[in-house]
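Tertiary structure, described
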Amino acid sequence: MGDGSGVVWRDCGDGLQCAKLSVPVDWAAPRGPRTEVDVARMPARDPARSLGPLVVNIGEDSTVQGVRARPDTVSELARWFDVVFVEGRGFGDRGSAAMVRCSVPPPDPRRIQLVPGPAAWRAYARDNAAYDRSCRVAAGPAYAGFTSWQVAHDLDALRAALGQDRLRYFGNAYGAVYGRAYAELFPRRVGRMYLEGLPDHPGTGLGRRLIAHARAAERRLSAFGDWCANQPGCPLADDDAVAVLDALLERAPSAANPSGRLGQAGPGQGRGVVSGYQVVAAVLAGLTPQRWPELARALAAAEAGDLRALAAMASVSRAAEPGTVARSTWCHDFMPVVPGYRRFLAMESRLRAVAPRVGWLTGRHELARCLGLRPLPPRPATPATAMDEGQGSATGREDTTARMTAPGIGGPTVRVPAGGDRSAVRRVTPGDEGSVMPVTSGDEGFALPVWAAEGERFVVPVVAAGRSSVLVGIGMLDAGNPPAAAARAARRIPGARVLWHGDGQDAYLLQGAGKLRAACLRARVHGYLVNGVLPRPRTLCPGELTAGRFH
């Protein structure tokens, strides 16, 4: 089924049409091995009035499978667009060969939150390394391409295959990471773009990143207490929720209070006394706004002496088999230098000082992602001469190709650049001051061309007035991406506008699933994507997902 764009689609159920994008494993070596990326399309409700394609990645393990399960999260976009869903590397539709299945699932980070000590640290690192090795085996040569840098090039191949001069894009969670990489690599090809749940920059120092997570958790605890105090039916409404937590922590056994006794977890919830680590881990798990009612009930029961619900919230879970490449991909993009256990304890002492109730324990979760994993080798530097003079790609060859066809059906070949927007990034020259943003090869947050030599200084032109910009949604209650860190990341995107809102992670998607289609956030996002109207600076949309009655 052709649509004149150079893409051949086939019906694949649930109102979707599917195709595959054949791309190089490494866009810096376009003649090397190839891999496939799954794409799917939700056609516009009225094709005659469609504004064209809107490319979407919702940040779940599989975007297409996520949309099949909950189409209402994004289906409203089909009022205006042909909504094109694109998978990240290693993810795919159900039954697709593009979906990498790791034989060893990733271990639960709560293991090193609940059991402090170097032995638990080492055991977790071994299990995490085993997970990553299984992903390497399952993916084969494609494993090296599990980075946002590669996916950004895939997005540009898709843009070209769809026949668009600019990429109009919606990225949620890790989809926002892909969108940011695209904006940095191809700034002149950015159309209207909305990024929700943007993480901090990979180059941000580890200590600064951990402190941001710790402080954000403390703020969510305060917000939970305020919500419960004003929520009819909350079992802690007559108490101060934070004071209840403080009383539980004073009674719980800990390194500072080894003789403390909080109570038994009860049958089926493990043996022994519930520790302070368990209490904090349970509260952290419950600070996602969707779980606030559950947390309130668990704290009320614990205050009355029944710890079963609190212990259950802190229990270690085993990931479903097979595992996915989500964690490996995150570590390829954001891999910190994971400190040894003794050095980490010193860092954790600092976290306890800035976030003494619950936030200090988030540091273990953040480090657990990549503990035991090996980083990818750095991409080799490439001479600048050919590309700098506009004489071809970074390899000295002509531009490479990306082939986009329906599975099993031959299709046209579309020519796309191999190396990024060459006209947008150049070396610093006299007179640049004040008109450009100077960056250095290796600076945090900027993926400069592969031909950039280490330490060279470049300029990235700031987006001029009237050109397409990037709208960044930041949730005040986002558990995965601290608001302060997301704002810091947004400031590094030239021309970006921040839209603040009072909800948490996946707010746009959850509001769609909750039929909150007149919500302030969704209205502002649609106003920009459809009409190009940016929200006013410092716009703050109220929280819609926490406004309902206690249930």
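Residues numbered from 1 in each chain as written. Predicted model: local features only at pLDDT ≥ 70, side-chain atom pairs only at ≥ 80, totals over all residues. Heavy atoms only, no water.

Some details on the overall build of the protein chain
Across its full length, the protein chain carries 17 helices and 15 strands. Each of the 551 residues in the protein chain was classed as buried or not, and the buried ones make up 57%. Contacts in the protein chain between residues far apart in sequence, at least 24 positions, make up 74% of those at least 6 positions apart. (Helix = DSSP H or I, 4+ residues; strand = E, 2+ residues; numbered from the N terminus. Buried < 20%, exposed > 50% of the residue type's maximum accessible area, 1.4 Å probe, protein only. Contact = heavy atoms within 4.5 Å.)

Quick word on the pattern of salt bridges
For the structure on display, the rule yields 20 salt bridges. Across the salt bridge formed by Asp154 and Arg89, the nearest N and O atoms sit 2.6 Å from each other. Of this pair, Asp154 sits in helix α4 (residues 148-161) while Arg89 sits in the loop between β5 (82-86) and α2 (110-114); the two residues are 65 residues apart in sequence, bridging distant segments of the chain. One exposure class covers both Asp154 and Arg89, and it is buried. Its salt-bridge partner being Arg308, residue Asp306 comes within 2.8 Å of it at the nearest N-O pair. Residue Asp306 is classed as partly exposed on the basis of its relative accessible area of 28%. In this structure, a network of salt bridges that share partners links the residues Asp14, Arg68, Asp93 and Arg94. (Salt bridge = Lys/Arg side-chain N within 4 Å of Asp/Glu carboxyl O.)

Some points on the state of the cysteines
Under the criterion given, the structure shown has five disulfides. The side chain of Cys12 participates in a disulfide bridge whose partner is Cys18; the two sulfur atoms lie 2.1 Å from each other. Because the torsion about its S-S bond is 70°, the bridge between Cys12 and Cys18 counts as right-handed. With relative accessibility at 14%, the residue Cys12 sits in the buried group. For Cys228, the disulfide goes to Cys234, at an S-S distance of 1.7 Å. Taking the sign of the torsion about the S-S bond as the criterion, the disulfide between Cys228 and Cys234, at about -60°, is left-handed. Comparing Cys228 with Cys234, the two get one shared label, buried. Within the protein chain, bonded cysteines paired by disulfides and numbered along the sequence follow the pattern 1-2, 3-4, 5-6, 7-8, 9-10. (Disulfide = S-S within 2.5 Å.)

Re unusual backbone geometry
The backbone of Asp506 shows a phi angle near 60°, a positive value even though the residue is not glycine. Turning to its location among the elements, Asp506 is positioned in the loop between β14 (497-501) and α16 (507-513). Under the relative-accessibility criterion, Asp506 is labelled partly exposed at 27%. One non-glycine residue, Lys515, adopts positive backbone phi at about 60°. Note that Lys515 resides in the loop between α16 and α17 (520-531).

Things to note about the confidence of the model for the protein chain
Mean pLDDT over the protein chain stands at 81; residues scoring 70 or higher make up 78%. Here residues 255-261 is a poorly scored stretch, pLDDT under 50, and it has 10 contacts once near neighbours within four places are set aside; other chains count. This stretch, residues 380-466, has a pLDDT under 50; its non-local contacts, to residues over four places away or in other chains, come to 185 contacts. (pLDDT = per-residue confidence, 0-100.)

Comments concerning the packing of aromatic side chains
Each aromatic ring pair is specified by the distance between its two centres and by the angle formed by the two planes. Applying the stated criterion across every chain, the model contains 13 aromatic pairs. Between Tyr182 and Phe186, the ring centres sit 4.9 Å apart and the planes meet at 35°, which makes this aromatic pair tilted. By relative accessible area, Phe186 is classed as buried at 1%. Among the aromatic side chains, those forming a connected cluster through ring pairs are Tyr174, Tyr178, Trp330 and Phe334. (Phe/Tyr/Trp six-rings, centres within 6.5 Å; stacked < 30°, edge-to-face > 60°.)

Side note on the environment of Asp240
Tracing the chain through its elements places Asp240 in the loop between α6 (206-229) and α7 (241-251). Measuring from C-alpha to C-alpha, the distance between Asp240 and Ala229 comes to 7.2 Å, with 11 residues separating the pair along the chain. One polar contact links the side chain of Asp240 to the main-chain amide nitrogen of Val242, over a distance of 2.9 Å. (Polar contact = N/O pair within 3.5 Å; in protein donor to acceptor, adjacent residues only side chain to side chain.)

Some words on the pairing of strand β4 (residues 53-57)
Of all five residues making up β4, five are buried, and the element is well covered by its neighbours. Here β4 shows two buried faces, one formed by Pro53, Val55 and Asn57 and the other by Leu54 and Val56. In terms of strand pairing, β4 meets β5 through four bridges, oriented parallel. Opposite Pro53, over in β5, you have Asp82 as the bridge partner. Crossover handedness for the path β4 to helix α1 (residues 63-69) to β5: right-handed. Examined bridge by bridge, β4 and strand β6 (residues 167-172) share three bridges and lie parallel to one another. From the neighbouring strand, Val56 faces β6, where its bridge partner is Phe170. (Pairing = 2+ DSSP bridges. Right-handed = clockwise from strand over helix to strand, strands pointing away.)

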